[in-house]
Amino acid sequence: MRMNITIVPYKLPESVPTPKEECGWIALHDNKAIGWNSLLFLSHNTVKFANAFVEKEYRGNGIYRMLWDARWKWCQENLKGYDVITYCLPTTLNFYREKGWSEGHTSTLMSSKI
C-alpha cells in the first residue's frame, strides 16, 4: 500500500540547546500523527535517539525508516562531532547494526507498582 506520508520536525533548536531539551519529528498521514521520534540533548556533546513509535496499523510501510532518516540527516547537518546513543528493542537491533552502529551494553527494564 502506497501512502502519502509527511515528516515534520518539532522544536528543532536554533542554537546549542541546554541538556535535557528535546526535539523530534512526526509522521503525518491525512493530517493525523501516526508516528514520531525524538532527539534528547544530553551533556558533553551527546544526544540520545529516543521515543520512536509508529501506530500499529501503519507499521511495515517504511515510516520508522523515514522518521529515522529525517532525524539522522538533521543530526549530520547540525551536530558534527557529537556522540549519539540509543536503546533498542530486539525489533530494532538489526536496523541499527545495518546502519553501522555498535552495541554498548545491555540493560533490562525493571518495573514495580506504587
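On a predicted model such as this, the values are computed, not experimentally measured, just so you know.

Asks: Can you break down the packing of aromatic side chains residue by residue, with the values?
Replies: Per the stated rule, a full pass over the model turns up 13 aromatic pairs. With 6.0 Å between their ring centres and 75 degrees between their planes, Phe49 and Trp68 make a pair best called edge-to-face. On the criterion of sequence distance, the pair formed by Phe49 in strand S4 (residues 46-54) and Trp68 in helix H1 (residues 63-78) is long-range, its members being 19 residues apart. When its relative accessible area of 2% is taken as the criterion, Trp68 is described as buried. Geometrically, the ring pair formed by Trp68 and Tyr96 is edge-to-face, given 5.9 Å between the ring centres and 80 degrees between the ring planes. Separated by 28 residues along the polypeptide, Trp68 in helix H1 and Tyr96 in helix H2 (residues 90-98) bring together distant segments of the chain. An identical accessibility class is assigned to Trp68 and Tyr96; each is buried. Three or more aromatic residues link up through ring pairs in this structure, and these residues are Phe49, Tyr64, Trp68, Trp72, Phe95, Tyr96 and Trp101. Across from the ring centre of Phe49, 3.9 Å away, lies the NZ or CZ of Arg71, which sits over that ring.

Asks: Now, about the pairing of strand S2 (residues 22-29): what can you tell me, with residues and values included?
Replies: Relative to S2, strand S1 (residues 5-10) runs antiparallel, the two being bridged by six bridges. The residue of S2 that forms the bridge with Tyr10 is Gly24. As defined by bridge partners, S2 adjoins strand S3 (residues 32-41) across eight bridges and the pair is classed as antiparallel. Paired with Ile26 across the strands is Trp36, a residue of S3. Connecting S2 to the next strand, S3, in antiparallel fashion are two residues, including Asp30 with a positive phi near 50 degrees.

Asks: How would you explain the nonpolar core if you had to name every residue and give the values?
Replies: The biggest cluster of nonpolar side chains holds 21 residues, and the ones touching the most others in it are Leu39, Phe41, Phe49, Ile63, Trp74 and Leu79. When contributions to this core are tallied by element, the ones reaching two or more residues are S2, S3, S4, H1 and H2. At five residues, the largest contribution of residues to this core is made by H1. Not counting residues up to four positions away in its chain, the partners in contact with Phe49 are Ser38, Leu39, Trp68, Arg71, Trp72, Cys75, Val84, Ile85, Thr86, Tyr96 and Trp101.

Asks: I'd like to hear about the pattern of salt bridges, residue by residue, with values.
Replies: Evaluation of the coordinates by the stated rule reveals four salt bridges. Glu77 serves as the salt-bridge partner of Lys73, at 3.9 Å between the closest nitrogen and oxygen. Residue Lys73 and its partner Glu77 are located together in helix H1, separated by four residues, close to a single helical turn. Assessed through its relative accessible area of 53%, Glu77 is described here as exposed. In this structure, Glu103 and Arg97 form a salt bridge, with 2.5 Å as the shortest nitrogen-oxygen distance. Overall, Glu103 belongs to the exposed group, its relative accessible area being 53%.

Thresholds, definitions, all that
Residues numbered from 1 in each chain as written. Predicted model: local features only at pLDDT ≥ 70, side-chain atom pairs only at ≥ 80, totals over all residues. Heavy atoms only, no water. Phe/Tyr/Trp six-rings, centres within 6.5 Å; stacked < 30°, edge-to-face > 60°. Helix = DSSP H or I, 4+ residues; strand = E, 2+ residues; numbered from the N terminus. Buried < 20%, exposed > 50% of the residue type's maximum accessible area, 1.4 Å probe, protein only. Lys NZ or Arg CZ within 6 Å of the ring centre and 35° of its normal. Pairing = 2+ DSSP bridges. Core = buried A, V, L, I, M, F, W, Y, C linked by side-chain atoms within 4.5 Å. Contact = heavy atoms within 4.5 Å. Salt bridge = Lys/Arg side-chain N within 4 Å of Asp/Glu carboxyl O.

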